[in-house]
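Summary of structural features
The residues making up each chain are set out below.
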Amino acid sequence: MTDLERILHAVLSESGVQRHAVLGPRRGKKPITEARQLGMYLSRKLLPHQSLTSIGEFYQRDRTTVRHAVEKYNKNITPEVKKLEARLARTIFPVHVGQ
């Protein structure tokens, strides 16, 4: 499982949205859009080596859509989003003691 897939899996578990809805070609309803945007934001935040283009390709979107999602979350970051980000980061990339 790639890092992008781990992030998507964590976002899907958190949101309850199905994978095909987030990665599908349709814009979808608000919960789907929010899950997709959260996944894009976390992908960029937690994987700074990934380009906007590669994240967009994973989510089957354009790089400008990824940039919009990142800017939206950066502009409207709330304590709840920060907590969610930290929790998902621990879930996605757990620290293995002694390794």
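Now for a look at the structure at hand. As the structure is a prediction and not an experimental result, all values here were calculated from the model.

About the thresholds
Residues numbered from 1 in each chain as written. Predicted model: local features only at pLDDT ≥ 70, side-chain atom pairs only at ≥ 80, totals over all residues. Heavy atoms only, no water. Helix = DSSP H or I, 4+ residues; strand = E, 2+ residues; numbered from the N terminus. Expected span 1.5 Å × (residues − 1). Buried < 20%, exposed > 50% of the residue type's maximum accessible area, 1.4 Å probe, protein only. Contact = heavy atoms within 4.5 Å. Axes fitted to C-alpha atoms, helices over the stretch in contact; angles between N-to-C directions. Parallel < 35°, antiparallel > 145°, perpendicular 65-115°, else oblique. Left-handed = near helix turned anticlockwise from the far one by under 90°. Nonpolar A, V, L, I, M, F, W, Y, C, P; charged D, E, K, R; others polar. Core = buried A, V, L, I, M, F, W, Y, C linked by side-chain atoms within 4.5 Å.

Counted at 1.5 Å a residue, the expected span for helix α1 (residues 3-15) with its 13 residues is 18 Å, and the 18 Å between its end C-alpha atoms agrees. Every buried residue belonging to α1 is among L4, I7, L8, A10, V11 and L12, and all of these are buried. Residues of α1 that are buried make contact with α2 (19-23), α3 (30-46), α4 (52-58) and α6 (79-92). Count one or two residues on from α1 and you reach G16, which has phi positive near 80°.

This paragraph deals with the packing of α1 against α3. Running from N to C, α1 and α3 cross one another at 140°; their axes reach a closest spacing of 9 Å. Relative to α3, the element α1 lies oblique. Considering the relative orientation of α1 and α3, their crossing is right-handed. In this structure, α1 uses L4, I7, V11 and S15 to contact α3, whose residues at the interface are A35, L38, G39, L42, S43 and L46. Class assignment of the residues belonging to the contact of α1 with α3 gives a composition of seven nonpolar, three polar and no charged.

A few words on the nonpolar core. Judged by nonpolar contacts, the single largest core of 28 residues is most densely connected at V22, L38, Y59 and L88. Broken down by secondary-structure element, the contributors of at least two residues to this core are α1, α2, α3, α4, α5 (63-75) and α6. Not counting residues up to four positions away in its chain, the partners in contact with L88 are A10, V11, E14, L38 and L42.

On to the environment of K29, then. Relative to the helices and strands, K29 resides in the loop between α2 and α3. Accessibility expressed as a relative area gives 65% for K29, which makes it exposed. The spatial distance from the C-alpha of K29 to the C-alpha of K83 is 24 Å, given a sequence separation of 54 residues.

Remember, this is a structural readout, not a statement about activity or role.
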